[in-house]
Amino acid sequence: MSIKEFSKEWWSEVYNRIIGAVVFLDDNSAECLHWDGGLFNLINNGAVAVKSLSPFESAKKEQRKAVFITQTTSTQLRTISEIIRNSDFTHCILISCVSLDVVYLELNDGKDVNDLVSSGKAQAEATKLLENMLLEWIGKKQCMVDVVFTPIFTISPTNVVFLTPPYHKVYPTYDGKLIPNTPSVDLYTITNEERSLVRRLASGLNSMLDSMNMKEDLYYMGAFSSLVAGVLENSPVCVSRRKNCSQPVSLIIVDRTLDLCGVTSHSMESVLDKIMAVLPKFPGHSNDVAVDMSPLCEANVISHPVDIQLCPGCLYHGNDDSCAQTYDHMINKSQKEVMFDLYNKLSKLDVQKSPGPKTLLKVTPQSVEKIISASKGNYDIIGKHLGILQQALGVVQTLKSPKRVQLELIMSLERQVLQNLATSRESTSVLHQMSHLIKTRKVRGLPLENLLALLIHVYSLMGTEVMFNKQHEESVQEALSVAIFEDHKSLFPSEFGYIVTPEECEVISNKIMGRLKDVSQMRRILQKYNSVLKPCEAGTGHEYRGVLQQLVDDLVNTDRPELTDLRHRNEGIKDLLRSGLNILTSKKKTPKHPLDNSTVILFVVGGITAEECKQLHRSVITSGVDNVVHIGSTKFVTPVEAMRDVLNL
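Quick notes on the rules
Residues numbered from 1 in each chain as written. Predicted model: local features only at pLDDT ≥ 70, side-chain atom pairs only at ≥ 80, totals over all residues. Heavy atoms only, no water. Patch = residues over 30% accessible without salt bridge, like charges linked within 9 Å, V, L, I, M, F, W, Y side chains within 5 Å. Areas by Shrake-Rupley, 256 points an atom, 1.4 Å probe, with all protein chains shown as cover. Salt bridge = Lys/Arg side-chain N within 4 Å of Asp/Glu carboxyl O. Helix = DSSP H or I, 4+ residues; strand = E, 2+ residues; numbered from the N terminus. Pairing = 2+ DSSP bridges. Axes fitted to C-alpha atoms, helices over the stretch in contact; angles between N-to-C directions. Contact = heavy atoms within 4.5 Å. Buried < 20%, exposed > 50% of the residue type's maximum accessible area, 1.4 Å probe, protein only. Parallel < 35°, antiparallel > 145°, perpendicular 65-115°, else oblique. Left-handed = near helix turned anticlockwise from the far one by under 90°. Nonpolar A, V, L, I, M, F, W, Y, C, P; charged D, E, K, R; others polar. Polar contact = N/O pair within 3.5 Å; in protein donor to acceptor, adjacent residues only side chain to side chain.

A.B. asks: Describe a nonpolar patch on the surface, naming the residues involved and giving the relevant values.
C.D. replies: Nonpolar side chains collect at one region of the surface, where Leu 39, Phe 40 and Ile 43 lie side by side and expose about 290 Å² of accessible area between them. If you trace the backbone, Ile 43 turns up in helix H3 (residues 39–44).

Quick look at the structure:
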């Protein structure tokens, strides 16, 4: 079973339970539904209404059955109680997308429930607890309640890549810091919220492995990944799963923070990365964008993407194979190939006014736009080909956006910085250049948030190889302090209207510099992959080769070089006894290698780019190994989002 099939199978379980029901979904479940085919999957399978999980929602008097698809947090349970009290249900089904043993731990936070958990009774207790809650909220003698666990948390943009929308906020931090305060990290040295996210992510991965009948060899790189691996190894639910599952798999978990260059780079080859960096996010989603659909109809859009007159379009269309192919091209093919693919598909639309499919040497955004405009107002055609029209509009709006010019300027600055650092191994000129860029950003039309992403890129690129000049760092901090004061409204949109003082800006810029120094120290725990600046294979200059890229190249190398930085969680006491016995019998045991298993899952905690997915997948294919390698992460990420994750803005 593939990861895509795993998700489909569990959605069909949900569809079997919704006949005649009002369905309430939270944002994360709604995003997962979008990638499985969307709203009509619920309607066509018998749902009488679909609403968002909000305390302001309720059902009509005659609607007696409700299905709640949720992450089962305490806040969401309060919301469910409000909805039930404001409705007249006699049958409620709570579908928890999170394993019930984790829910039980969270509901009993602060109480000693270890005995129950270790004896494996937590799931049954959680079910009982939640059923009683539902019965109390309904408050009728004649009523039915069900509590079911359905592990809906993955989406599969391609057959190789999978993401986990409910865990898009999981990031390798320890009490909010990038570097833990203590040398040894465990679940109790991090905050309650961080601990809950670690447990939830680990339990999700466990459910996925369980559904696919897999028992894993666990490898990890980074302190946060060691926490996730620890839960996967020791949690009673995971231990019992490994006893029952038979398919061997290697699961490699890696901290994003070990290498932030890839996610803060503006040098994007992948069309999907370009689109995500330019267009706004689809409301409530973490992995799709909002496309302005007004060029196709008469409505005037005032505030895209949250305009009340016209819904935004998007890129992914789960029930359309042709669109799924185009989406795959946006990750794995060049811009030129994507444009030709779109042009050829659009040329087949039955529009009298459209130019016949000429043999073009180059497809421009204008030539694609021309065909789209020809179908304006022709709702019959629009209805039949809505998916490809949304994708084409998304590409055209990206390539014609003024933001593209800004991104290309930052891209050229990025290349200068890389060569500068590689040849001089010294930070003076680069930091001087960064101060100057921050001061002159308005003249050049550069947003401060993109320059902050470039700063993180610089510090992650340098790592511990380059010494920082204190004086130049101070001048960067001063320039930042002034810039934050001037641009605070765009930098902190959530606190719109909140006036910051110059003193507060100084504190913020001070914190940012502290974080940047932490970023430069992230790879000091690595031996082999501590540098990402490598001489070009062509012989001249240097290039960036990321930690993930180096790891995968070594992984699929037929010579099997030693993977020094990849830690392997042992199988425990049996392993120790075996190695002790081997010492006595002087047999040398060869260390385990991830490719010993036919399936490998590489999971990056904290986000990945489409470009990285493409390059890693390409390395696997060209190596000639027979292993199936899945690439997973918590979300697709843009340079600005990566910057906000790192700086906690």
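A.B. asks: Give me the sheet that holds strand E3 (residues 65–70): which residues, what numbers.
C.D. replies: Within the open sheet, the five strands sit side by side as E2-E1-E3-E4-E5. Their pairing is parallel. The open sheet is flanked by strand E2 (49–52) and strand E5 (144–149), the only strands paired with a single partner. If you compare each strand with its neighbour and ignore which way they point, the axes differ by 15 degrees on average. Looking at chain direction, strand E1 (residues 22–25) and E3 are connected through four bridges and run parallel. Bridged to Val 23 within E3 is Val 67. Its contacts with the sheet put helix H2 (residues 27–36) on E1 and E3, and the angle it makes with E1 is roughly 105 degrees.

A.B. asks: So what's going on with the environment of Glu 125? Residues and values would help.
C.D. replies: Its location among the elements puts Glu 125 in helix H7 (residues 122–138). Ignoring anything within four residues of it in the chain, the contact list for Glu 125 reads Tyr 104 and Leu 116.

A.B. asks: An account of the sheet that holds strand E8 (residues 247–255) is needed here, citing residue identities and associated values.
C.D. replies: A sheet is described by the order of its strands in space; here six strands give the open sequence E6-E13-E12-E8-E7-E11, paired in mixed fashion. If you trace the sheet from one side to the other, it starts and ends with strand E6 (161–163) and strand E11 (567–569), each paired once. For this sheet the average axis-to-axis angle between neighbouring strands, irrespective of direction, equals 25 degrees. Looking at chain direction, strand E7 (residues 214–221) and E11 are connected through three bridges and run antiparallel. Bridging from a neighbouring strand, Leu 218 pairs with Arg 569 of E11. Strands in contact with helix H8 (residues 192–211) are E6, E7, E8 and strand E12 (599–605); relative to E12, the strand with the most contacts, it is inclined by about 160 degrees.

A.B. asks: Any chance you could break down helix H12 (residues 271–278) for me, citing the residues and the numbers?
C.D. replies: In terms of burial, H12 is largely enclosed, as eight of its eight residues are buried. Listing the buried residues of H12 in full gives Val 271, Leu 272, Asp 273, Lys 274, Ile 275, Met 276, Ala 277 and Val 278.

A.B. asks: Can you explain the packing of H12 against helix H18 (residues 402–424)? Please cite residues and give values.
C.D. replies: Relative to each other, H12 and H18 sit at 115 degrees, their axes nearing to 10 Å. With respect to H18, the axis of H12 lies roughly perpendicular. Between H12 and H18 lies a crossing of right-handed hand. Where H12 abuts H18, its residues Lys 274, Ala 277 and Val 278 lie against Lys 403, Arg 404 and Leu 407. Counted by class, the contact of H12 with H18 contains three nonpolar, no polar and three charged residues.

A.B. asks: Could you give an account of the environment of Glu 106, naming the residues involved and the relevant values?
C.D. replies: Relative to the helices and strands, Glu 106 resides in helix H5 (residues 100–107). On the basis of relative accessible area, Glu 106 is assigned to the partly exposed category, the value being 26%. Remark: the alpha-carbon pair of Glu 106 and Met 221, spanning 115 residues in sequence, is separated by 27 Å. Here Ser 196 takes part through its side chain, which lies 2.8 Å from a polar atom of the side chain of Glu 106.

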